[in-house]
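What the coordinates show
Residues per chain, in single letters:
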2 protein chains.
Amino acid sequence: MAIRIGIIGYGNLARGVESEIRRCPDMELKGVFTRRDPSSVKIKTEGVPVFSVSDLKDKTADFDIMINCGGSATDLPVTTPEYAALYNVIDSFDTHAKIPEHFKAVDDASKSANKVSIISAGWDPGMFSLQRLYSNCILPEGNDYTFWGKGVSQGHSDAIRRIPGVKNGKQYTIPVPAALDAVRSGSNPELTTRQKHTRECFVVAEEGADKALIEKTIKEMPNYFADYDTTVHFISEEEFAANHSKLNHGGFVFRSGTTGLNGEHKHIIEYSLKLDSNPEFTASVILAYARAAFRLYEKGDYGCKTVFDIAPALLSPLSGDELRAKML
Amino acid sequence: MAIRIGIIGYGNLARGVESEIRRCPDMELKGVFTRRDPSSVKIKTEGVPVFSVSDLKDKTADFDIMINCGGSATDLPVTTPEYAALYNVIDSFDTHAKIPEHFKAVDDASKSANKVSIISAGWDPGMFSLQRLYSNCILPEGNDYTFWGKGVSQGHSDAIRRIPGVKNGKQYTIPVPAALDAVRSGSNPELTTRQKHTRECFVVAEEGADKALIEKTIKEMPNYFADYDTTVHFISEEEFAANHSKLNHGGFVFRSGTTGLNGEHKHIIEYSLKLDSNPEFTASVILAYARAAFRLYEKGDYGCKTVFDIAPALLSPLSGDELRAKML
């Protein structure tokens with residue numbers, strides 16, 4: 001019997017789950033739940049029904065795992081605990097500072113309902129967190145470095161689009177090559193915000209807008225841009241559509257540590273991702289953890305988990321014997 | 001109470017465990033066991049006794065975890081199952097093809113004794129295996145690439161030293177930069193053995209030895225060198241001592257995969273290690289897994305495990321709350 005998967009939402013991440021579930025022969029997409037009128041949502045998988053989120057309370061017998069594809073800012077903190085009282089739920093909650101309170105709310109709901117939930121599955125938090133944890137455990141003496149990009153930052157692109165006179169905008173976060181090289185050298189540099197990343201913005205201005213003012217507004221925006229070397233390019237709508245519609249991203253996690261009786265030996269652990277599609281990769285991570293959640297549920301190991309709590313073998317469709325023979 | 005650690009053997013790996021345990025405040029080295037006369041073995045930690053391996057059967061109350069630092073070829077297959085009947089044991093068994101049978105023997109011994117064992121902890125097998133597993137679960141459609149080096153291959157260095165006329169020898173395995181670049185490009189190249197690695201040998205010849213014959217013997221040696229582009233340098237004993245006494249190593253694990261409804265998006269996951277000291281890094285991995293083994297033992301989760309079976313949080317001295325707040 002395939003693991004019966006439901007998707008809540010139908011944005012970029014949900015569409016990623018829809019495409020990547022086709023690469024998981026042990027899973028089956030059984031339905032998509034939307035806040036809109038279900039008849040207005042056309043999905044890409046034939047024969048799979050679209051329901052209203054108001055139907056969620058009546059479908060608990062039909063799904064093994066629900067994947068909550070809402071946004072982290074306002075949606076997931078409310079809906080994941082709510083759905084966790086009904087289903088085994090996975091989300092990709094990515095507001096790092098609020099993970100402890102989100103965990104608590106979801107854990108309480110899952111434990112009361114004898115269900116399993118996994119929060120913050122994706123690549124950061126997610127795969128990057130795992131690399132930080134493993135490498136900190138292996139090299140207790142050392143420094144961590146995380147770089148993001150080159151890739152599209154949704155939050156920074158939104159901030160640009162809110163500026164008066166801006167018709168469209170996209171922001172790329174770019175790690176500074178010299179900073180990457182310094183970390184790779186093992187010199188354990190102390191790097192300021194400005195030394196680690198640059199920001200590059202592509203902006204379509206409204207007809208007659210004051211471009212100099214838009215550029216100044218972007219570059220001086222606190223938190224988002226003021227601490228970075230930022231470049232602003234004004235381009236046409238056509239160029240924007242042709243060259244800036246992708247959702248690529250990626251980044252680097254380093255641990256630079258020392259061993260030896262006198263700390264005389266250096267070690268560099270480097271992990272990097274180059275992703276053509278941020279939402280499809282995130283969806284792929286979520287599906288691997290959906291498999292683990294289903295197994296934990298079958299074992300009766302209820303409550304909220306994160307990537308830190310899941311033994312890697314639980315992510316694989318292969319048996320322990322197969323994994324040891326093929327991948328160890 | 002600190003976790004009481006014992007070391008079996010006193011070669012490079014054991015000395016690495018001895019130095020790295022100082023970075024684990026929750027552990028204490030309680031003894032070293034040797035096959036030699038214990039009075040002939042001087043260790044670097046004051047106040048820690050050296051015992052004979054024949055004392056192992058009488059010391060079971062004094063140690064929580066034994067780290068078996070024997071060699072994979074002939075020692076570990078015999079001794080890890082033997083010690084697993086007495087102690088919670090960790091080893092770094094690295095003969096990939098024989099892992100299934102080693103696992104079975106150690107698992108049987110550990111389960112009969114209600115103990116926990118972890119085999120093949122290190123970086124390959126170990127951290128590299130974990131990267132292969134995680135990235136295969138996330139990107140089911142794709143190719144794996146593992147490269148080793150630049151680093152010292154003990155097995156190949158030994159093979160050189162067995163050639164008549166060779167006084168000393170060291171072999172470096174070196175990944176081919178063009179092959180790394182091809183993999184990073186996402187082109188999913190098919191690479192032959194020769195295209196992936198080169199081998200560089202530094203040889204001290206006996207006085208009057210036939211260097212041309214030594215070089216030919218190395219380059220034509222089946223399995224070890226014949227399938228590779230191999231370079232042989234003859235050097236003096238002084239140069240050998242000055243420049244080739246290190247035990248550095250490292251390597252790269254890649255997963256190059258695709259997502260999307262038509263496989264239109266490429267993703268590259270790259271993990272790499274640059275290690276000044278192969279044995280100290282391996283020891284560091286082993287110690288993190290010793291912590292996990294102790295916790296599993298306390299929970300009564302007996303039997304043999306590998307890195308695939310261990311939830312990452314078990315490796316850390318931090319609590320779940322701390323990990324979620326600081327590293328997720």
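Source: prediction; values computed, not measured. (Residues numbered from 1 in each chain as written. Chains lettered and ligands numbered in written order. Predicted model: local features only at pLDDT ≥ 70, side-chain atom pairs only at ≥ 80, totals over all residues. Heavy atoms only, no water.)

A word on helix α6 (residues 177–184) of chain B
Residues and elements named next belong to chain B. Turning to α6, its buried residues are Ala179, Leu180 and Val183. Seen end-on, α6 carries its buried residues on one side only, within an arc spanning 100°. Seen from the open side of α6, the exposed residues pointing more than 90 degrees away from its buried face are Pro177 and Ala178. For α6, the elements touching its buried residues are β7 (142–148), β9 (166–175), α7 (193–196), β12 (249–259) and β13 (265–275). Note on α6: the residue one or two positions beyond its end, Gly186, has a positive phi of about 85°. (Buried < 20%, exposed > 50% of the residue type's maximum accessible area, 1.4 Å probe, protein only. Helix = DSSP H or I, 4+ residues; strand = E, 2+ residues; numbered from the N terminus. Arc of directions from axis to C-beta. Contact = heavy atoms within 4.5 Å.)

Focus on the interface of chain A and chain B
Taken together, the 66 residues of chain A in the interface contact 66 residues of chain B. The tally of links between chain A and chain B comes to two salt bridges. Applying the counting criterion to the chain A and chain B interface returns 32 residue pairs in polar contact (both at pLDDT 80 or more). At the level of elements, α1 (12–20), α3 (99–113), α4 (127–138), β12 (249–259), β13 (265–275), α10 (278–299) and α11 (320–326) of chain A are the ones that each hand at least two residues to the side of chain A that touches chain B. Here the side of chain A that touches chain B gets eleven residues from one element, more than from any other, and that element is β13 of chain A. Classifying every residue of the side of chain A that touches chain B by side-chain character gives 33 nonpolar, 17 polar and 16 charged. Looking at chain direction, β13 of chain A and β13 of chain B are connected through nine bridges and run antiparallel. Each residue of the ladder has a partner; that of Leu273 of chain A, found in β13 of chain B, is Ile269 of chain B. (Salt bridge = Lys/Arg side-chain N within 4 Å of Asp/Glu carboxyl O. Polar contact = N/O pair within 3.5 Å; in protein donor to acceptor, adjacent residues only side chain to side chain. Nonpolar A, V, L, I, M, F, W, Y, C, P; charged D, E, K, R; others polar. Pairing = 2+ DSSP bridges.)

Examining the relation of the copies chain A and chain B
Superposing chain A onto chain B takes a rotation of 180° plus a shift of 0.0 Å along the axis, which leaves an RMSD of 0.1 Å. The relationship between the two copies is best expressed as a two-fold rotation axis. Interface residue correspondence from chain A to chain B reaches 100%, placing this contact among same-surface, isologous pairings. (Least-squares fit on C-alpha atoms with pLDDT ≥ 70 in both.)

Some details on the pairing of β12 of chain A
Residues and elements named next belong to chain A. The element β12 is extensively covered by neighbouring structure, given that eleven of its eleven residues are classed as buried. Burial along β12 is two-sided: His249, Gly251, Val253, Arg255, Gly257 and Thr259 facing one way and Gly250, Phe252, Phe254, Ser256 and Thr258 facing the other are all buried. Pairing of strand β7 (residues 142–148) with β12, which is carried by seven bridges, proceeds in the antiparallel orientation. Within the sheet, the bridge partner assigned to Asp144 lies in β12 and is Arg255. Relative to β13, β12 is paired through eleven bridges, and the arrangement is antiparallel. Along β13, the bridge assignment pairs Arg255 with Ile269. Taking the residues between adjacent antiparallel strands as the criterion, β12 and β13 are bridged by five residues, where Gly260 takes a positive phi near 105°.

Details of the sheet that holds strand β10 (residues 197–205) of chain B
Residues and elements named next belong to chain B. Strand order in the open sheet made by the four strands is β8-β9-β10-β11, with mixed pairing throughout. A single partner strand is all that each edge strand has here, and the edge strands are β8 (151–152) and β11 (229–234). Contacting β9, β10 and β11, helix α8 (residues 211–219) crosses the sheet at an angle of about 150° to β11. (Axes fitted to C-alpha atoms, helices over the stretch in contact; angles between N-to-C directions.)

Remarks on the confidence of the model for chain A
For chain A, the mean per-residue pLDDT works out to 97, and 100% of the residues sit at or above 70. In the predicted assembly, ipTM is 0.96 and pTM is 0.96. (pLDDT = per-residue confidence, 0-100.)

Description of empty space enclosed by the protein
Inspection of every chain in the model, using the stated rule, returns three cavities of 30 Å³ or more. Taken as a whole, the largest cavity spans an internal volume of roughly 70 Å³. Taken together, 13 residues line the largest cavity, and the ones lying closest to its centre are Cys137, Ile138 and Pro140 of chain A together with Cys24 and Ser284 of chain B. At the level of secondary structure, the elements contributing two or more residues to the lining of the largest cavity comprise α4 and β12 of chain A together with α10 (278–299) of chain B. Among the elements that line the lining of the largest cavity, the one with the most residues is α10 of chain B, at four residues. A breakdown of the residues in the lining of the largest cavity according to their chemical character gives seven nonpolar, three polar and three charged. (1 Å grid on protein atoms, 1.4 Å probe; cavity = no way out; pocket = protein on both sides within 12 Å on 5 of 7 lines; lining within 4 Å. Points joined across faces, edges and corners; volume = space filled by probe spheres on them.)

Looking at the sheet that holds strand β4 (residues 65–68) of chain B
Adjacent strands of a sheet pair through backbone hydrogen bonds, lying either parallel or antiparallel. All names here are of chain B. A sheet is described by the order of its strands in space; here seven strands give the open sequence β3-β2-β1-β4-β5-β6-β14, paired in parallel fashion. Here the strands that pair on one side only, and so sit at the sheet edges, are β3 (50–52) and β14 (303–305). Adjacent strand axes in the sheet meet at a mean angle of 25° when their direction is disregarded. Across three bridges, the pairing between strand β2 (residues 27–34) and β3 is parallel. Bridge pairing in β3 places Val32 opposite Val50. Helix-sheet contacts for helix α2 (residues 76–84) involve β1 (3–8), β4 and β5 (88–91), and the interaxial angle to β5 is about 160°.

Here's the deal with the environment of Cys24 of chain B
All names here are of chain B. Mapped onto the elements of the fold, Cys24 is located in the loop between α1 (12–20) and β2. Judged by relative accessible area, Cys24 falls into the buried class, the value being 7%. As for Cys24 and Ser284, which are separated by 260 residues in sequence, their C-alpha atoms are 9.4 Å apart. Residues contacting Cys24, with those up to four places away along its chain left out, are Leu287 and Arg291.

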